[in-house]
Amino acid sequence: MQLHPHTDSPTPTRATRGRRAGRRAGRLAGAAAALALAIGLGPLTSPGAHAADNPYERGPAPTTSGIEALRGPYAVSQTSVSSLSVTGFGGGTIYYPTSTSDGTFGAVAISPGYTAYESSIAWLGPRLASQGFVVFTIDTLTTLDQPESRGRQLLAALDHLTQRSSVRGRVDASRLGVMGHSMGGGGSLEAAKSRPALQAAIPLTPWNLDKTWPEVTTPTLIFGADGDTIAPVASHAEPFYSSLSSSLDRGYLELNSATHFTPNSSHTTIAKYSVSWLKRFIDNDPRYEQFLCPLPRPGLTIEEYRGNCPHGS
């Protein structure tokens, strides 16, 4: 594998004026939290308490142990969505925080890969939802659907979630993201290209015949695996990452001692950095910047990490 620079120059990205204002408010919230600590007020400690300066902030002040835990601070409920009751995708399961005291939550739809079912990515549902998101793990129309189709299905799932689902009142339709494994990961790139309003994209060991993604303006974190022989990082995850605009908030995390199918089982590193990325960009929450900047260093589960730092969005 060739050596690559580990830092891109930070440049503000895609936001509309309204989104920029929201993110500026998020940075002010971070400064206010630091001031509170300095004068002895202490951090927030309950899911129901969030900073007025950032209306999207959810949950207590984050810690490493908290975002690595199997479950976060929110109790989670779930509801099944039959394929017979939807159009454009194959149904699935919605996981959501049980509490309504914090108002609405950001949401993410997650697609499985080629020949796989929703069960292959189901572990992410309760794990992410317990951190303060509504999560829709889906089945695709057929197990053989290609990335472009999976991208359309992710968007159809988000539309169902926000417009017709039984939990639509719990979702902030302006704060949405996509994830996916393998061809579903390639599909998450397709979805982000098609819908620039998405706030975050996380492809997991992604596969796609299209290797260049300069059109993507959604903050994107790509996971590769050093032992992937189905979507080798040299021909998939790495060129996908490198083709993203250098002005985009982007990250590339290559998992150490991992395979193409590592994202199909509970994995602390995948969960930790997925939570951090979703919190940082869907919730505009600067409290999670600490887990992304400075750039994570190689270690037992991380082969390498590249990205821009600090983040401009």
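Above this text is the structure in question.
Residues numbered from 1 in each chain as written. Predicted model: local features only at pLDDT ≥ 70, side-chain atom pairs only at ≥ 80, totals over all residues. Heavy atoms only, no water.

## What to know about the environment of G125
- Position of G125 among the secondary structure elements: in helix α3 (residues 124–129).
- For the pair G125 and Y95, spaced 30 residues apart in sequence, the C-alpha separation works out to 5.7 Å.
- Beyond its immediate chain neighbours, meaning those up to four positions away, G125 contacts Y95, V135 and T137. (Helix = DSSP H or I, 4+ residues; strand = E, 2+ residues; numbered from the N terminus. Contact = heavy atoms within 4.5 Å.)

## Comments concerning unusual backbone geometry
- Cis rather than trans, the peptide bond between C293 and P294 has omega equal to -5°.
- Structurally, P294 can be placed in the loop between α7 (268–281) and β10 (302–308).
- Put simply, C309 and P310 share a cis peptide bond, and its omega is 0°.
- Along the chain, P310 turns up in the segment after β10.
- Phi angles above zero are rare outside glycine, and S182 is one such case at about 60°.
- On the secondary structure map, S182 appears in the loop between β6 (171–181) and α5 (183–194).
- In this structure, N284 is a non-glycine residue whose phi angle is positive, near 50°.
- Structurally, N284 is set in the loop between α7 and β10.

## Some words on the environment of G299
- Structurally, G299 is set in the loop between α7 and β10.
- Judged by its relative accessible area of 39%, G299 is partly exposed.
- Along the primary structure G299 and L255 are separated by 44 residues, whereas in three dimensions their C-alpha atoms are 9.4 Å apart. (Buried < 20%, exposed > 50% of the residue type's maximum accessible area, 1.4 Å probe, protein only.)

## A word on the state of the cysteines
- Using the criterion set out here, one finds 1 disulfide in the structure.
- Across the disulfide from C293 sits C309; the S-S distance is 2.1 Å. Placement of C293 in the loop between α7 and β10 and of C309 in the segment after β10 is noted, with a sequence separation of 16 residues between them.
- Residue class for C293 comes out buried when judged on its relative accessible area of 13%.
- Among the residues examined, C309 registers a relative accessible area of 18% and is labelled buried. (Disulfide = S-S within 2.5 Å.)

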